[in-house]
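One letter stands for each residue in the lines below.
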Amino acid sequence: MKLQQKIYAFSLLLFIIAFNIGGIILIHKISGDMLKNEINKDLNNQQSISSEIQMDFKMFRIYDNYKNKNDAADFFERYSESFDTKKGYIEIFNISNNKILYSDLKPAFSINRSKLKISSAKNFNYIIQTINKKQYIFINNLMPIENDNLNLYYVKDISNIYIERKKYYIFFISIEIITCLIFAVFMFFISKLITMPIDN
């Protein structure tokens, strides 16, 4: 292989490797920040729903004056349609008797309660699952109502984050092809110029 070809091939290979490493790191950073922001937003939404439900329950007790042990079940049965789920889905689960008090989850959703298990109302847990080619975040937090500790599960479709990441990769590949073609032509003439005195 001639010196010109060696310089040309090495320079082009080095450029492609560096370009790919830089692009992949950048895309992972951007998509990672987007996912982190989405998770924080969904955690805030879940906390907001929990606070609204607890406040509504207090008002329910005051105005309806229910004093029996089925207050929570009666409340969720009567007022579930008014819940603001922030474009997500919720399920309220009574830990003590393993009973679902309210749920608007899709049939395809299957909550892995063992992975989402938590021990304190100050803690939360979440997982991301792929269901029917879409990504969903499942968030769990304890919601104390009266003497019961209820699990408030919040589920939201976050597929847009992964769709955007895919778009970034497609755009990056397109830019890489164009950039590599321009660099290849440029390096052809540069390598020829560098080796011209040696060849002569």
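On a predicted model such as this, the values are computed, not experimentally measured, just so you know.

Focus on the pattern of salt bridges
Phase 1 of the analysis: Overall, the coordinates contain five salt bridges when judged by the stated rule.
Phase 2 of the analysis: Of the charged contacts in the structure, one is a salt bridge between Glu 38 and Lys 156, with a shortest N-O distance of 3.2 Å. Taken together, the residues Glu 38 in helix 1 (residues 3-64) and Lys 156 in strand 5 (residues 148-157) connect sequence positions 118 residues apart. Like Lys 156, Glu 38 is buried.
Phase 3 of the analysis: A salt bridge links Lys 156 to Asp 42, with the shortest nitrogen-to-oxygen separation between them at 3.3 Å. You can see Lys 156 sitting in strand 5 and its partner Asp 42 sitting in helix 1, a full 114 residues away along the chain.
Phase 4 of the analysis: With a relative accessible area of 13%, Lys 156 lands in the buried category.
Phase 5 of the analysis: Residue classification places Asp 42 among the buried positions, given a relative accessible area of 0%.
Phase 6 of the analysis: Residues joined by salt bridges that share partners form a network here, namely Glu 38, Lys 41, Asp 42 and Lys 156.

Structural notes on the nonpolar core
Phase 1 of the analysis: Counting 20 residues, the largest nonpolar core has Ile 53, Phe 76, Ile 90, Ile 92 and Met 143 as its most contacted members.
Phase 2 of the analysis: Listed by contribution, the elements that provide at least two residues to this core are helix 1, helix 2 (71-79), strand 1 (89-94), strand 2 (99-103), strand 4 (134-145) and strand 5.
Phase 3 of the analysis: Counting residues per element, this core draws most heavily on helix 1, which supplies six residues.
Phase 4 of the analysis: Listed in part, the eleven residues of the second largest apolar core include Leu 105, Ile 127, Tyr 136 and Phe 138.

Quick word on the confidence of the model for the chain
Phase 1 of the analysis: Per-residue confidence for the chain averages 82 on the pLDDT scale, and 84% of its residues sit at or above 70.
Phase 2 of the analysis: Helix 2 is the least confidently modelled element of the chain, averaging 69 in pLDDT, while strand 3 (residues 124-131) averages 89, the highest of any element.

Scoring rules and cut-offs
- Residues numbered from 1 in each chain as written.
- Predicted model: local features only at pLDDT ≥ 70, side-chain atom pairs only at ≥ 80, totals over all residues.
- Heavy atoms only, no water.
- Salt bridge = Lys/Arg side-chain N within 4 Å of Asp/Glu carboxyl O.
- Helix = DSSP H or I, 4+ residues; strand = E, 2+ residues; numbered from the N terminus.
- Buried < 20%, exposed > 50% of the residue type's maximum accessible area, 1.4 Å probe, protein only.
- Core = buried A, V, L, I, M, F, W, Y, C linked by side-chain atoms within 4.5 Å.
- pLDDT = per-residue confidence, 0-100.

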